[in-house]
Structure formats: structure tokens, C-alpha cells
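Secondary and tertiary structure notes
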Amino acid sequence: MRYVQVIDCKTERFDDMDRLMDEWVEQTKGARTATHSLTGKDRSDGSHYVEIVEFPSYEDAMTNSTLPETDRIFHEMVALCDGMPTFTGLDVVREEQLNQTLSRRFFHEIAVGGNLDAIDEVFAADYIDHDVAKEEDTVIGSDRLRDDIAGWRAAFDFTFALDRQICQGDDVVTLWTWTGTHKGDFMGIAPTGRQCTMTGTTIFRFKDGRIQEGWWHEDLMGLMRRLDALD
């Protein structure tokens, strides 16, 4: 079970604290067991900070605490604080990757399922699209995005298999396999009835709970070849 340690402290010397944590990261390379660290500042109190450190397990956290570098940094950190920091240990019992869930909602509910009304819930109004199949980047509102998806759905009966997703910061990267049956006009190509597959990668950048920007890299040439659209 994953384990999280929450460190709550007050300090007027955050820059010194920040340098101290950078020093700990450098000195514990290859030895520390912490996998992720996040520091937040209280909006209502500029001297109040909360650090959240994640470990694969409680046992890993205990191993990390016995490192000599950790012990030294702890005492130096206490000296920078206005009073003794508080430490809270938490077993992670539930986690929601909200951006990942929203990304999956696009592929399954909107693109495959055809719920185009959900576009305004998932995408920002000024969504920016980068696609190797398009000549230039375009700021796409909900109407343009709806037309793009409707065009693909009119040309193919298709599904998406989401082979892998990686979440980092505000970005969700999806490696996907698309499988479709050509049933309608596609880029001037009359319906062939052929079943085709295409692989690709999509990066969605999120802002304020919606998809703000997208980068698409798909094997469009391979798809055209399967439709006998290339010499």
C-alpha cells in the first residue's frame, strides 16, 4: 500500500528551505525511496507551507528516514521553521487521476460513443489543436471540434484501444490503437468497406479542469495506404 507523509510547517525563510530540499534530492540519489514530492503555500498565510512526500510503502518511508542525509536535513529544516513542524503519515486508500479520467472520456464517450454534447464539458472554449494531418495550428472552438469528430464518425465505424497512458503534471500522454471500417467519404476517398488499423499518440494539456491543448501524431500515411489512396 502506498504511503504519504504530510509535513506542515511555518517559515519566513522558504528560499533557504527550498535550497535545503534541493540539496537533499542531490545527496540521496540512488538511495532515497521517496517517489514524488509536492510543496504548497497557504494563500491566506505566506509563511505556512505543506509538503507532501509519496513513498511506495510505509516500509520504504521508514528506510528513507534512516538515511544519514535525511536525518541531517531534518534537523536543518527544523532550525529554519517557526516552531516544530508537524508530520502526518497516511496510507493511500483511494486515488483519482482526474485528468486521465477526462482524457479517457474523450476517446470512449465522445469520439467512439458519439456524445458530442460532452465536448463543452471536456474541452476549453479556446482549445488549441496541433495535428500532423493539418497544415497549421488552429484555435478550435466546440463547433469546429464537433465537426472534426463528426467527420471521422461519418467516414468510419471505429474504436480506440488505449494501450498506455502516462500522466505528468498537467499533461496526459495516450498511446492508442484505432480500428475502423471505412463506410463513408474520407478525404475524397469513396467508401471501401475495408477494416483498417492506425496507431498514434495524443498529448492533452489540461488547465482549470479542461483540455486546453492537444498534440496528435498518427500514422495517417499508413491509413491511406490501407485504403489504396497512395501510389
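As a starting point, this report considers the structure included with it. Quick caveat, the model's predicted, so the values are computed rather than measured.

Reading the values: rules and limits
Along each chain, the written sequence defines residue order, and numbers are assigned to residues from 1. Per-residue local features are limited, in this predicted model, to residues with pLDDT of at least 70; the limit for side-chain atom pairs, both in listing and counting, is 80 or more; totals at the level of whole chains, interfaces and linings are taken over all residues. Think of the side-chain values as coming from all heavy atoms in the structure, minus any hydrogens and water. Note on classification: 1.4 Å probe, protein chains only; a residue is buried when its accessible area is under 20% of the maximum for its type, exposed when over 50%, partly exposed between these limits. Counting from the N terminus, the helices are the DSSP runs of H or I reaching at least four residues and the strands are the DSSP runs of E reaching at least two. At least two DSSP bridges between two strands are required for those strands to pair. It only takes one pair of heavy atoms within 4.5 Å for two residues to be counted as in contact. Helix axes are fitted only over the stretch in contact, all axes being lines through C-alpha atoms; the angle between N-to-C directions runs from 0 to 180 degrees.

**Structural notes on the pairing of strand E8 (residues 171-182)**
Alternating positions in E8 separate cleanly, Val-172, Thr-174, Trp-176, Trp-178, Gly-180 and His-182 being buried on one face and Asp-171, Val-173, Leu-175, Thr-177, Thr-179 and Thr-181 remaining unburied on the opposite face. Here strand E7 (residues 156-168) pairs with E8 via 12 bridges, running antiparallel. Residue pairing for E8: Asp-157 is matched across the bridge by Thr-181. Where E7 folds back onto E8 in an antiparallel hairpin, the turn is made up of 2 residues, including Gly-169, whose phi is positive at roughly 60 degrees. Strand direction decides the pairing type here: E8 and strand E9 (residues 195-207), joined by 11 bridges, are antiparallel. Bridge assignment links Asp-171 to a residue of E9, and that residue is Arg-205.

**Structural notes on the sheet that holds strand E6 (residues 138-139)**
In space, the 6 strands of this open sheet follow the order E6-E5-E10-E9-E8-E7, with mixed pairing throughout. In this open sheet, the two strands that pair with only one neighbour each are E6 and E7. Pairing of strand E5 (residues 123-131) with E6 involves 2 bridges; the strand directions are antiparallel. Each residue of the ladder has a partner; that of Asp-129, found in E6, is Thr-138. Set on the sheet, helix H4 (residues 98-112) makes contact with E5, E7, E8, E9 and strand E10 (210-218); between it and E7 the angle comes to about 175 degrees. Its contacts with the sheet place helix H6 (residues 142-155) against E5, E6, E7, E8 and E9, and it is angled at close to 125 degrees to E7.

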